[in-house]
Structure formats: structure tokens, C-alpha cells
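# Coordinate analysis (summary)
Chain by chain, the residues:
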Amino acid sequence: MTRRRWIAEHWDEATATIVGAQAEHMARVLRTQPGMEADVVAGGHVFHAEVAAITPREVRFNLIAELEADPALPLTLVLAIYKFDRMEWAIEKATELGVAAIAPVIARRTEKHLAEAAEKRTERWRRIVIESSQQSRRSDVPLIHEPASLSSRVRAASAATRIVLAEQERTTTLCNALNEAVAAAGTEMPTLEIAIGPEGGWAPEEEALFDANGWRAASLGPRILRAETAAIAALAVVASCLE
Ligand code: SAH
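Residues numbered from 1 in each chain as written. Predicted model: local features only at pLDDT ≥ 70, side-chain atom pairs only at ≥ 80, totals over all residues. Heavy atoms only, no water.

We now examine unusual backbone geometry. Phi is positive for Arg31, which is not a glycine, with a value near 50°. Relative to the helices and strands, Arg31 is located in the loop between helix H1 (20–29) and strand E4 (37–42). Overall, the relative accessible area of 63% leaves Arg31 in the exposed class. A positive phi angle, close to 55°, is found at Arg137, a residue other than glycine. Counting through the fold element by element, Arg137 comes out in the loop between helix H3 (112–135) and strand E9 (143–144). (Helix = DSSP H or I, 4+ residues; strand = E, 2+ residues; numbered from the N terminus. Buried < 20%, exposed > 50% of the residue type's maximum accessible area, 1.4 Å probe, protein only.)

Following this line, the structure appears as C-alpha cells:
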């Protein structure tokens, strides 16, 4: 049987603890007893562990042995902020598919009230990635960047291969762009940044901005996908190319 996986808030060499809602869930809902075995993620490492002490406020584990961790895909998803319920779904699924980081950006066609509410929403996005990492048995939690303007993200210096997904692109597929990045990286694993636009798509001046800053436009095929579908499809393509 696969052991449940928990993501620790605090740890040292021999022990790790979880607090808050996770601890309460273990104590009250799962009625966990000392001695129960679990997998515990602490600082990006995964351990086979055993519950040493439990209260609804804190669970302490003894770490028994380190297990092999699966690294995240070397990919930051630059996600234009759009309808929160759909965007949260995209964040959850991207976590399951192995994304390393998500950078929410305010695009021209991001609705104004969403742009204003984004900063407060970050806390919820961070909760979603923790829960989703646990559920999908990841050994790390994707980083959620603070929301920023699209132009600052596009212009920022980066060593990554930068790809903007655009439904108007007809010649370069995401797969082509990835194959080139893999070839250029030689024996290393390429690091990637992939941008996905909001519901209304990228504005023409945004497309020009990407282009002027060395981002490569790529297509996911002839159909227009919703942003959350584009996120899932892009991650699946990256995973099949790189893993
Ligand atoms: N402008 C569109 C919808 C945008 S879809 C409209 O007609 O309403 C939202 C985002 O998903 C786009 O900005 C793009 O980043 C991505 N996307 C959707 N379909 C795509 C495709 N076939 N190829 C590449 N990216 C796509």
C-alpha cells in the first residue's frame, strides 16, 4: 500500500512537524496514532517517517530514511490572471503535472477587478499547490510568485528558454520549440518558461513585447483552447519531451 504523504512546515535532521489544518485533519479525521508510518516531505527531500507524537495542533514525525525524490519539471508557467475559479483549476492541474513554479501576471486583457484582487489571492493559490502536491505525491511544492505586470516578467533577465503560447502561431509547434531547446542545452536539461494568455488572448502590443524580448511563439494546434486546457496540454507536451 502506498503511504500517505505529508509536507512538513518545520524539520531538523531527525524529526519533522506539521501544524494547522493538516495536523487537525490527521488527528481528528484520520485518527492517526503514534507509530503510524507515512512519507514526509521536508525541505524538498522525502522521508519514510513514523508518527512520534500527535495533537490536533501539531504532529511530530521521526524521520527514518530518505527516499528518492522525483524532481519537478524545470518549467515556470507564466499564467495571465483570469477568472479565478478556472485559473485555480489550472494551478491545481499544473501542480499534478509537475510544474516547478507559477508566475501569475497581469495582462492587458486581465479583468481589472481580478488584477486588483490577485495579490490577496496568492495565499489561496499557495494553499492549492500544497494540497495538490500532497495529493499527487510530489516531493516539492511549486513556487507561486507574487503577481506582477506582464511587461516586467517578459523583460526580466532569464537564462531559460522562453516560449509564448499563441493561437495565431501557425508554423512553430510547442514540440518543435522544445526539441530545439533540448538540442541547444546539450547534455543539460533545458529550463523553460512558458506563457499562457488570459481568456481574451494576448493583445497585439503584448505579442510584440514578447517578440522584442526573445520569446519564441509556439502553437498547441489549430484549435483555440481555454487557458486552463492550454496549461495542461503544454505541461503534458513538456513532460513527454523531457521526462
Ligand atoms: N483569443 C482567443 C482565446 C485565448 S485562449 C479568443 O479567440 O477568445 C487563452 C490562451 O491560451 C491564449 O492566449 C494562448 O496562450 C493559449 N492558447 C489557446 N489555444 C492555443 C493554441 N491552439 N496554441 C497555442 N496557445 C493557445
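A few words now on the pattern of salt bridges. Between side chains of opposite charge, a pair can form when the charged atoms approach closely. In total, this model carries 17 salt bridges according to the counting rule given. Note that Glu123 and Arg127 form a salt bridge whose closest N and O atoms lie 4.0 Å from each other. Residue Glu123 and its partner Arg127 are both found in helix H3; the two are separated by 4 residues, about one turn of the helix. The exposed category is assigned to Glu123, whose relative accessible area is 57%. Its salt-bridge partner being Arg126, residue Glu146 comes within 3.2 Å of it at the nearest N-O pair. (Salt bridge = Lys/Arg side-chain N within 4 Å of Asp/Glu carboxyl O.)

A few words on the domain arrangement of the protein chain. Often, the extent of an interface is quoted as the loss of accessible area upon association of its parts. Domain annotation of the protein chain identifies domain 1 (5–67) and domain 2 (75–242). Taking only C-alpha atoms, the centre of domain 1 and the centre of domain 2 are 32 Å apart. With 9 residues of domain 1 at the interface, the matching set in domain 2 holds 8 residues. For the pair domain 1 and domain 2, the summed buried surface comes to about 660 Å²; carbon and sulfur atoms form 53% of the total. Put simply, domain 1 and domain 2 have 1 salt bridge between them. Two residues, Arg137 and Asp39, come together in a salt bridge whose shortest N-O distance is 3.0 Å. Taken together, the links from domain 1 to domain 2 amount to 5 residue pairs in polar contact (both at pLDDT 80 or more). (Domains from an automatic or database assignment. Contact = heavy atoms within 4.5 Å. Buried area = accessible area lost by both parts, 1.4 Å probe. Polar contact = N/O pair within 3.5 Å; in protein donor to acceptor, adjacent residues only side chain to side chain.)

Not every one of the 19 residues close to the ligand is listed here, only the nearest: Leu165, Glu167, Leu220, Gly221 and Arg223. In the model, a nitrogen atom of the ligand is placed 3.5 Å from a nitrogen or oxygen of the Ala166 main chain. For the ligand, whose free accessible area comes to 560 Å², the fraction covered by protein is 85%. Residues that form the shell around the ligand fall into these classes: 11 nonpolar, 5 polar and 3 charged. (Near = heavy atom within 4 Å. Areas by Shrake-Rupley, 256 points an atom, 1.4 Å probe, with all protein chains shown as cover. Nonpolar A, V, L, I, M, F, W, Y, C, P; charged D, E, K, R; others polar.)

Time to look at H1. Turning to H1, its buried residues are Gln22, Ala23, Met26 and Ala27. Buried residues of H1 fall within an arc of 120° about the axis and therefore sit on the same side. Away from the buried face of H1 by more than 90 degrees, exposed residues Ala21, Arg28 and Val29 are located. Next to the buried residues of H1 lie strand E1 (5–7), strand E3 (15–19), strand E5 (45–54), strand E6 (58–67) and H3. Arg31, located one to two residues past H1, shows a positive phi value of around 50°. (Arc of directions from axis to C-beta.)

It is worth spelling out the packing of helix H2 (residues 84–96) against H3 at this point. Across the interface, H2 lies against H3 with an axial gap of 9 Å and an inter-helix angle of 35°. Pair H2 / H3 crosses with right-handed handedness. Of the residues in H3, those touching H2 at Phe84, Met87, Glu88, Ile91, Glu92, Thr95 and Glu96 are Leu114, Ala117, Ala118, Arg121, Arg124, Trp125, Ile128, Val129, Ser132, Ser133 and Gln135. Split into classes, the residues belonging to the contact of H2 with H3 amount to 9 nonpolar, 4 polar and 5 charged. (Axes fitted to C-alpha atoms, helices over the stretch in contact; angles between N-to-C directions. Left-handed = near helix turned anticlockwise from the far one by under 90°.)

As summarised here, the arrangement of the 6 strands in space is E1-E4-E5-E6-E3-E2, forming an open sheet in which the pairing is mixed. Of all strands in the sheet, those bounded by a partner on one side alone are E1 and strand E2 (10–11). Inspection of the sheet shows E3 paired to E6 by 5 bridges, in the antiparallel sense. If you follow Thr15 over to E6, its bridge partner there is Asn62. On the sheet, H1 packs against E1, E3, E5 and E6 and is oriented at approximately 95° with respect to E3. (Pairing = 2+ DSSP bridges.)

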